[in-house]
Amino acid sequence: MTRKRNTDPGVYSYPTEAGKRWGAVVSLPRDARTGKRSQRRKQGFLTKVEALAWKREQADVGTDSIAVTSRQPLNAYLDDWLASLTDLAPNTRRSYRNSLVPVRNALGRVPIGEITAMRIEQFNSQRSRDGTTAPGVYQTHRIFKRAIRRAHALGLIQVNPFAHAKTPRSSSRVPVAWTREDMVRFLEVNGNDPVWGDLWHVLCETWMRVGEVTDLRWRDIDFSGATIAITHAVARDDKLALQSGPTKTESSRRVIHVSDALVSRLRLRKIRAIASTADDLIFPPIVGVGFLHASAVSRALKRSCIKAGVPEISTHDIRHNGGSIAYMAGVDIDVISKRMGHTRTAVTFAKYIHLNRAHHNTVAQQIGALIRGESDRNVIPETTDTEKPA
């Protein structure tokens, strides 16, 4: 029987009643008086990554003369890295895991210290040749980059190869554009639907994610203050079952102010509801128990778009269009970003604000009026433009 080679000398595991733990040992310089060498040891680490990081710290302060470059296989490191991300929502964790499957298949046995920029670029090129879409290649590259960047920060590798690797292009999906008139038309036709009408009003006014709105409960509504508190959302667990859990990110926990009209609509819905205790769902499933499925909402949305004669959009497109319509009406980008639950306004502006030709024409007229001293003249004729986002 061949003995398994230790890829990281000085780092070891040992069993405890609470499960496997990790330790590390470093060699100290010789004693100037006696000439003897000694060691420094620390145990109790939950993961090998933590033990290696401690060993690296000892090298940084001069207690170990040998630089640490981990020989840990990439697959084992990715396991440790994913386990260390304790703040990920279940859907996000599953997305990370799925995105890294191609990396594991192609490079999983390679020590993380041997991941180079050339290897990364060859990996991305091969995936493109195999028919993977540009967004798919980019998504995997982005998650892989985050994992290796953390390894570099922990001192497990001396150089971050992603600092020199070319980032693949990503051709993001352009959301279907609605004008303000499209949204008004959609709500006029479908807003009083006995099953879906209230949900459409909430989505169009609040720009909530579908997982947030399907986990909305009566305790989240402050009728006197006209606000909705978003503190939880529906997501799939590791077994793909729907469950209530934390919001997508910390910034997704937010309080949204809503109109008096929406408050009145929700108050009437509560009066008519069969179950309206604090913990009851505002939008329960049409049949059965549990949560309203996102796929059911998407199918109903498609039918409602056809009925209203407006472009068919996804539930997430409502977020894009709601933010764009508000921005073109003059709402501050910071307000829009907070309402959407984004950490940075740059994300909101880059990915969620889509300006149509009418808005670009309006801006051109305003600039022309300003430089000609005509800024007090109304130069903004209201137009309708169904062109796709610029």
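Residues numbered from 1 in each chain as written. Predicted model: local features only at pLDDT ≥ 70, side-chain atom pairs only at ≥ 80, totals over all residues. Heavy atoms only, no water.

Chemist: Mind showing me how you'd approach the packing of helix α5 (residues 117–129) against helix α6 (residues 134–153) here?
Modeler: Angle between the axes and distance between the axes: these two values describe a pair of packed helices. Contact pair α5 / α6: the axes reach a minimum separation of 10 Å and the direction vectors enclose 155°. One element, α5, and the other, α6, form an angle in the roughly antiparallel class. When the axes of α5 and α6 are compared, the crossing they make is right-handed. Packed against α5, whose contacting residues are I120, F123, N124, R127 and S128, the element α6 presents G136, V137, T140, H141 and F144 at the interface. (Axes fitted to C-alpha atoms, helices over the stretch in contact; angles between N-to-C directions. Helix = DSSP H or I, 4+ residues; strand = E, 2+ residues; numbered from the N terminus. Parallel < 35°, antiparallel > 145°, perpendicular 65-115°, else oblique. Left-handed = near helix turned anticlockwise from the far one by under 90°. Contact = heavy atoms within 4.5 Å.)

Chemist: I keep staring at the packing of aromatic side chains and nothing clicks. Help me out?
Modeler: Both the distance between ring centres and the angle between the ring planes are used here to describe each pair of aromatic rings. Taken as a whole, this structure holds 8 aromatic pairs when the rule is applied. Residues Y12 and Y14 carry aromatic rings whose centres are separated by 6.3 Å and whose planes lie at 40° to one another, so their mutual orientation is tilted. On the numbers, 5.1 Å between centres and 45° between planes, the contact of W178 with F186 is tilted. We classify F186 as buried; its relative accessible area is 0%. Members of the aromatic cluster, connected to one another through ring pairs, are W178, F186, W196 and W200. (Phe/Tyr/Trp six-rings, centres within 6.5 Å; stacked < 30°, edge-to-face > 60°. Buried < 20%, exposed > 50% of the residue type's maximum accessible area, 1.4 Å probe, protein only.)

Chemist: I keep staring at the pattern of salt bridges and nothing clicks. Help me out?
Modeler: Think of it this way: side chains of opposite charge can pair up when their charged atoms draw near. By the definition in use, this model includes 11 salt bridges. With a shortest N-O distance of 3.8 Å, R272 and D198 are connected by a salt bridge. Taken as a pair, R272 in helix α10 (residues 260–272) and D198 in helix α8 (residues 197–206) lie far apart in primary sequence, 74 residues in all. You can call D198 buried: its relative accessible area is 5%. Here R254 makes a salt bridge to E212, at a shortest N to O gap of 3.0 Å. On the criterion of sequence distance, the pair formed by R254 in strand β8 (residues 254–257) and E212 in helix α9 (residues 210–213) is long-range, its members being 42 residues apart. (Salt bridge = Lys/Arg side-chain N within 4 Å of Asp/Glu carboxyl O.)

Chemist: Explain the nonpolar core to me, please; I cannot follow it from the model alone.
Modeler: Of all hydrophobic cores here, the largest spans 37 residues; its most connected members are L74, Y77, W81, L100, F144 and L156. Elements represented by at least two residues in this core include exactly β2 (19–27), α1 (48–60), α2 (74–84), α4 (101–107), α5 and α6. Membership of the second largest hydrophobic core comes to 36 residues, among which are L262, V263, I282 and F283. (Core = buried A, V, L, I, M, F, W, Y, C linked by side-chain atoms within 4.5 Å.)

Chemist: Would you mind going over the sheet that holds strand β5 (residues 227–230) with me for this structure?
Modeler: Backbone hydrogen bonds hold the strands of a sheet together, and the pairing may be parallel or antiparallel. An order of β4-β5-β8 is seen for the 3 strands of this open sheet, with the pairing classed as antiparallel. Bordering the open sheet on either side are β4 (221–222) and β8, each of which pairs with just one other strand. Across 4 bridges, β5 lies against β8 in antiparallel orientation. Its bridge partner being in β8, I230 is matched across the sheet by R254. (Pairing = 2+ DSSP bridges.)

Chemist: Would you mind going over the sheet that holds strand β3 (residues 39–45) with me for this structure?
Modeler: Strand order in the open sheet made by the 3 strands is β1-β2-β3, with antiparallel pairing throughout. Edge positions in the sheet fall to β1 (11–16) and β3, since each of these pairs with one other strand and no more. Across the sheet, the axes of successive neighbouring strands diverge by a mean angle of 25°, strand direction being ignored. Note: β1 against β2, 6 bridges, orientation antiparallel. Bridge assignment links P15 to a residue of β2, and that residue is K20.

Chemist: Just checking my understanding: could you explain a nonpolar patch on the surface for this structure?
Modeler: On the surface, a nonpolar cluster with roughly 300 Å² of combined accessible area is contributed by V195, I286 and V287. Judged by relative accessible area, which is 54%, I286 ranks as exposed. (Patch = residues over 30% accessible without salt bridge, like charges linked within 9 Å, V, L, I, M, F, W, Y side chains within 5 Å. Areas by Shrake-Rupley, 256 points an atom, 1.4 Å probe, with all protein chains shown as cover.)

Chemist: Just checking my understanding: could you explain helix α11 (residues 294–308) for this structure?
Modeler: Residue pairs spaced three or four apart in an α-helix point in one direction, given the helix's 3.6 residues per turn. Over its 15 residues, α11 runs 21 Å from end to end, which matches the ideal 21 Å to within 8%, given 1.5 Å per residue. Those residues of α11 that sit buried are A296, V297, A300, L301, S304, C305 and A308. In an axial view of α11, the angular spread of the buried residues amounts to 170°, which keeps them on one side of the axis. Exposed positions of α11 whose direction lies more than 90 degrees from the buried face are R303 and I306. For α11, the secondary structure elements touched by its buried residues are α7 (180–190), α8, α9 and α12 (315–328). Trailing α11 by a residue or two, G309 shows a phi angle of about 75°, which is positive. (Expected span 1.5 Å × (residues − 1). Arc of directions from axis to C-beta.)

Chemist: I keep staring at unusual backbone geometry and nothing clicks. Help me out?
Modeler: Most peptide bonds are trans, and most residues other than glycine sit at a negative phi. Non-glycine residue W207 carries a positive phi angle of around 60°. Relative to the assigned elements, W207 resides in the loop between α8 and α9. In this structure W207 comes out as buried when scored by relative accessible area, which is 7%. A positive phi angle, near 55°, is found at A226, a position not held by glycine. Mapped onto the fold, A226 is located in the loop between β4 and β5. Owing to a relative accessible area of 13%, A226 belongs among the buried residues under this scheme.

Everything listed here is a matter of coordinates, which is why it stays silent on function.
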